[in-house]
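Given next are the chains, with one letter for each unit.
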Amino acid sequence: MATKTLNTPVAPPVDDRWAKLRSHKRIISRVKLMVEWEDGAKKQRANAVTVDVSHSGCMAIVGAPLPMNQRVRLIHSETGRQADAQVVWRDHEAWDVGLELAKPDASFWGLTF
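Given the structure is predicted, the values throughout are model-derived calculations rather than measurements.

Trainee: Before we move on, can you summarise a nonpolar patch on the surface with the specific residues and values?
Mentor: A contiguous nonpolar patch, built from V51, I61 and W95 and spanning about 250 Å² of accessible area, is present on the exposed surface. Checked against the element boundaries, W95 lands in the loop between β6 (82-90) and β7 (96-101). The class for W95 is partly exposed, based on a relative accessible area of 43%.

As structure tokens, then:
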């Protein structure tokens, strides 16, 4: 009995494909943050914790339903450092967001990449 083989390449794992699309390496890390933003004339605040971080931003769980493209200020809870960012991704659940730093700065997270 003859065996047929396909010359079709097997797709790389999803994680490998996403890694190639990312602009910077990500590190899984829990960094506690305060997120501030303007809602009309009112300043809003919510606690947050990162899931992973990179030179250009993070994925975080935020205690408020931030809309896409919302401009925010991130305040690092341990150091007090602040950075402007924007919501660039939202999961179907309101708590998971991707935040892109306005001025990428790996030192903001206090981690070594």
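Now that the structure has been shown, the text picks up again.
Trainee: How would you sum up unusual backbone geometry? Please name residues and give values.
Mentor: Of note, the phi angle at N69 is positive, near 70°, even though the residue is not glycine. A residue is classified by how much of its surface remains accessible, and N69, at 49% relative accessible area, is partly exposed.

Trainee: Hey, could you go over the nonpolar core for me, with residue numbers and the actual values?
Mentor: Within the largest apolar cluster, 22 residues are counted, with the highest numbers of intra-cluster contacts made by V35, V62, V72, L74, L99 and W109. Elements represented by at least two residues in this core include exactly β2 (32-39), β3 (42-54), β4 (57-62), β5 (71-76), β6 and β7. Discounting residues that sit within four places of it in the chain, V62 has contacts with V35, A46, N47, A48, W95 and V97.

Trainee: Describe in detail the pairing of β3, supporting the description with residues and values.
Mentor: By the bridge criterion, two bridges tie strand β1 (residues 27-28) to β3 in an arrangement that is antiparallel. When the sheet's bridge partners are listed, I27 is paired in β3 with V53. Where β2 and β3 come together, eight bridges link them in antiparallel fashion. Among the inter-strand pairings, E36 is bridged to a residue of β3, identified as R45. The antiparallel hairpin formed by β2 and β3 contains two residues in its connecting segment, where G40 sits at a positive phi of about 70°. Taken together, the six bridges between β3 and β4 define a ladder with antiparallel strand orientation. Bridge assignment links A48 to a residue of β4, and that residue is V62.

Trainee: Which residues make up the pattern of salt bridges, and what are the values?
Mentor: This model, assessed by the stated rule, comprises five salt bridges. Between D84 and R73 there is a salt bridge; the shortest N-O distance is 3.1 Å. In this pair, D84 is assigned in strand β6 and R73 in strand β5, connecting sequence segments 11 residues apart. With a relative accessible area of 38%, D84 lands in the partly exposed category. Where R81 meets D105, a salt bridge forms, and the shortest distance between an N and an O atom there is 2.8 Å. You can see R81 sitting in the loop between β5 and β6 and its partner D105 sitting in the segment after β7, a full 24 residues away along the chain. Judged by its relative accessible area of 34%, R81 is partly exposed. Owing to a relative accessible area of 28%, D105 belongs among the partly exposed residues under this scheme. One network of salt bridges, in which partners are shared, links E36, K43 and R45.

Parameters and conventions
Residues numbered from 1 in each chain as written. Predicted model: local features only at pLDDT ≥ 70, side-chain atom pairs only at ≥ 80, totals over all residues. Heavy atoms only, no water. Patch = residues over 30% accessible without salt bridge, like charges linked within 9 Å, V, L, I, M, F, W, Y side chains within 5 Å. Areas by Shrake-Rupley, 256 points an atom, 1.4 Å probe, with all protein chains shown as cover. Salt bridge = Lys/Arg side-chain N within 4 Å of Asp/Glu carboxyl O. Helix = DSSP H or I, 4+ residues; strand = E, 2+ residues; numbered from the N terminus. Buried < 20%, exposed > 50% of the residue type's maximum accessible area, 1.4 Å probe, protein only. Core = buried A, V, L, I, M, F, W, Y, C linked by side-chain atoms within 4.5 Å. Contact = heavy atoms within 4.5 Å. Pairing = 2+ DSSP bridges.

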